Amino acid sequence: MTPADTGASTSVDAAPAVSAPDATDVPDATDAPDVTDAPDATSASDAARVPETPDSRMTPGGPGYRRMSFALFLAGVTTFALLYSTQALLPLISGDLGVTASDASWTVAAATGGLAVFVLPMSALSERFGRRTVMTASLAVAVTVGLLVPFAPSLPALVALRAVQGAALAGLPASATAYLAEEVRPRALVTAIGLFVAGNSVGGMSGRVITGWVAQEWGWRVAVGAIGLVAVACAVAFRLLLPAPRHFTPGSLRPRVLVRTVRDHLSDPLLRRLYAIGALFMTVFGGVYTVIGYRLTQAPFSLPQGLVGSIFLVYLVGTVSASTAGRLVGRLGRRGALYLGAGTTAAGLLLSLAPSLPLVLLGLVLITAGFFAGHAVASSAVGKTARHGRAQASALYQSAYYVGSSAGSTVGALAFHSGGWAGTVGVGVLAVLGVVVITVSGSLAARRQSGRAPVKVLGLSR
């Protein structure tokens, strides 16, 4: 199959087609060299006769890398700021529209659900029309809808607008990851994706903090409108800064090709496990941050809306943990980094049960750090593993990820309604256990395969 048939970049997918290794089945990245460092199979004399093709992809410190990083950072900021713009405002929305916590949570679940449903079709468009084009169009539609959201007259209208906004934002995550996989050298990929994820955390934090204080003075509608204006500025800066792609090869929009590519990805055990890990991590995160506002505005804390919004400053911890994910993998290996993320998240969940505000805040810090580290590790592994149709591989991860967010928001709110904060924590602990089980099963599979000769692919072995 040619690169054009699969939507793959010829500069990235030149390696022979081999089945991708499992992210949890492989030796740590430090145990295996990058594919660019592997010795050539040809003899030394052959190598002398055939000149090496220089790798023109971006690398830290190189031309365009800083502009690209900042542009995608802004895209990450915009995505999370818009996607979760109502999350910190749910108690106010409940009071204004006269609905329950579980009903109001649909303003979050509809947006993440719309993204989950449309991320795969949008990734197919990016394979045909280009990553930058699709990301620009997605941001344009999303910010336009964001300016309409404050005028929603009822909960059904608000939920419908949020679903459209989420569907528009679907063009960002998968296209951004595919853009990085094609335009950045493999050794810098985890760090580059970590910066994009860090933008997610900054967007999530700033959106909630701004809406919290603005809503305390002028109501939730003005607060959501303010986020819409911030998103417009970020979208314009993104388009002006992002370098034009140099390694993109247009693919096909034929449904048969898309179905075949999706089938290939879903049949890969590595990608299936990464998709499940992303969904489970996001189930925890979505549930906790959908419900935390209700807990902190109620006794024994009874915090005002502005202070509740400021609680989301802990997202800064996620910015740090996501941007350092590459170093974590280098020191602990991929499995070790996932164990650390899961353990940190579980510890935070248990701490948050305390009736002490400082301990609750410490719990949120640990949950946020563990989630963003685990998400950055898993999402970067998808970009490295997919040998063709990278946008579809990333789209499937994002779809699973945001299905987890929708499930966490809805189930977490229902658990809070029936069992209080302990019920929400119980849902989160079960999801973390799922991450651990998947990672352990990968380790066991690695032992069973230990007798096989390793096949080196992008620094991984199977």
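Higher on the page you've got the structure.
Not measured: the values here are computed from a predicted model. (Residues numbered from 1 in each chain as written. Predicted model: local features only at pLDDT ≥ 70, side-chain atom pairs only at ≥ 80, totals over all residues. Heavy atoms only, no water.)

Engineer: So what exactly am I meant to see when it comes to the nonpolar core here?
Structural biologist: Across soluble globular proteins, you tend to see nonpolar side chains buried next to one another. In terms of nonpolar packing, the biggest core is built from 121 residues, with Met-68, Leu-72, Leu-180, Tyr-289 and Tyr-402 touching the most fellow members. Counting residues per element, this core draws most heavily on helix H13 (residues 269-297), at 16 residues. Apart from the residues lying within four places of it in its own chain, the contact partners of Tyr-402 are Thr-79, Phe-80, Leu-83, Tyr-84, Thr-112, Leu-115, Ala-116, Pro-173 and Met-282. (Core = buried A, V, L, I, M, F, W, Y, C linked by side-chain atoms within 4.5 Å. Buried < 20%, exposed > 50% of the residue type's maximum accessible area, 1.4 Å probe, protein only. Helix = DSSP H or I, 4+ residues; strand = E, 2+ residues; numbered from the N terminus. Contact = heavy atoms within 4.5 Å.)

Engineer: Could you clarify how one ought to interpret H13 in this entry?
Structural biologist: Residues that lie three or four places apart on an α-helix share one face, since the helix turns once every 3.6 residues. Here H13 is 29 residues long and its end C-alpha atoms lie 44 Å apart, about the 42 Å a rise of 1.5 Å per residue gives. When the local axis directions of H13 are compared, the greatest deviation, roughly 35°, occurs at Val-291. The buried count for H13 comes to 23 of 29 residues, which makes it a mostly enclosed element. (Expected span 1.5 Å × (residues − 1). Bend = angle between axes of the 7 residues up to and from the residue.)

Engineer: How do you make sense of the packing of aromatic side chains when you look at a structure like this?
Structural biologist: Both the distance between ring centres and the angle between the ring planes are used here to describe each pair of aromatic rings. Scanning the model with the defined rule gives 10 aromatic pairs in all. When the ring of Phe-285 is compared with that of Phe-372, the centres are 5.4 Å apart and the planes differ by 75°; the resulting orientation is edge-to-face. Of the two residues, Phe-285 sits in helix H13 while Phe-372 sits in helix H17 (residues 357-385), which places them 87 residues apart along the sequence. Overall, the relative accessible area of 2% leaves Phe-285 in the buried class. Consider the rings of Tyr-397 and Tyr-401, whose centres lie 6.0 Å apart with planes at 20°: the pair is stacked. Remark: Tyr-401 and Tyr-397 occur in helix H18 (residues 390-448); sequence separation between them is four residues, near one turn of the helix. Assigned by exposure class, Tyr-397 and Tyr-401 land together as buried. Each member of the aromatic cluster is reached from another via a ring pair, and the members are Phe-285, Tyr-289, Phe-371, Phe-372, Tyr-397, Tyr-401 and Tyr-402. For the cation-ring pair, Arg-128 lies above Phe-129, with the distance from its terminal atom to the ring centre recorded as 5.6 Å. (Phe/Tyr/Trp six-rings, centres within 6.5 Å; stacked < 30°, edge-to-face > 60°. Lys NZ or Arg CZ within 6 Å of the ring centre and 35° of its normal.)

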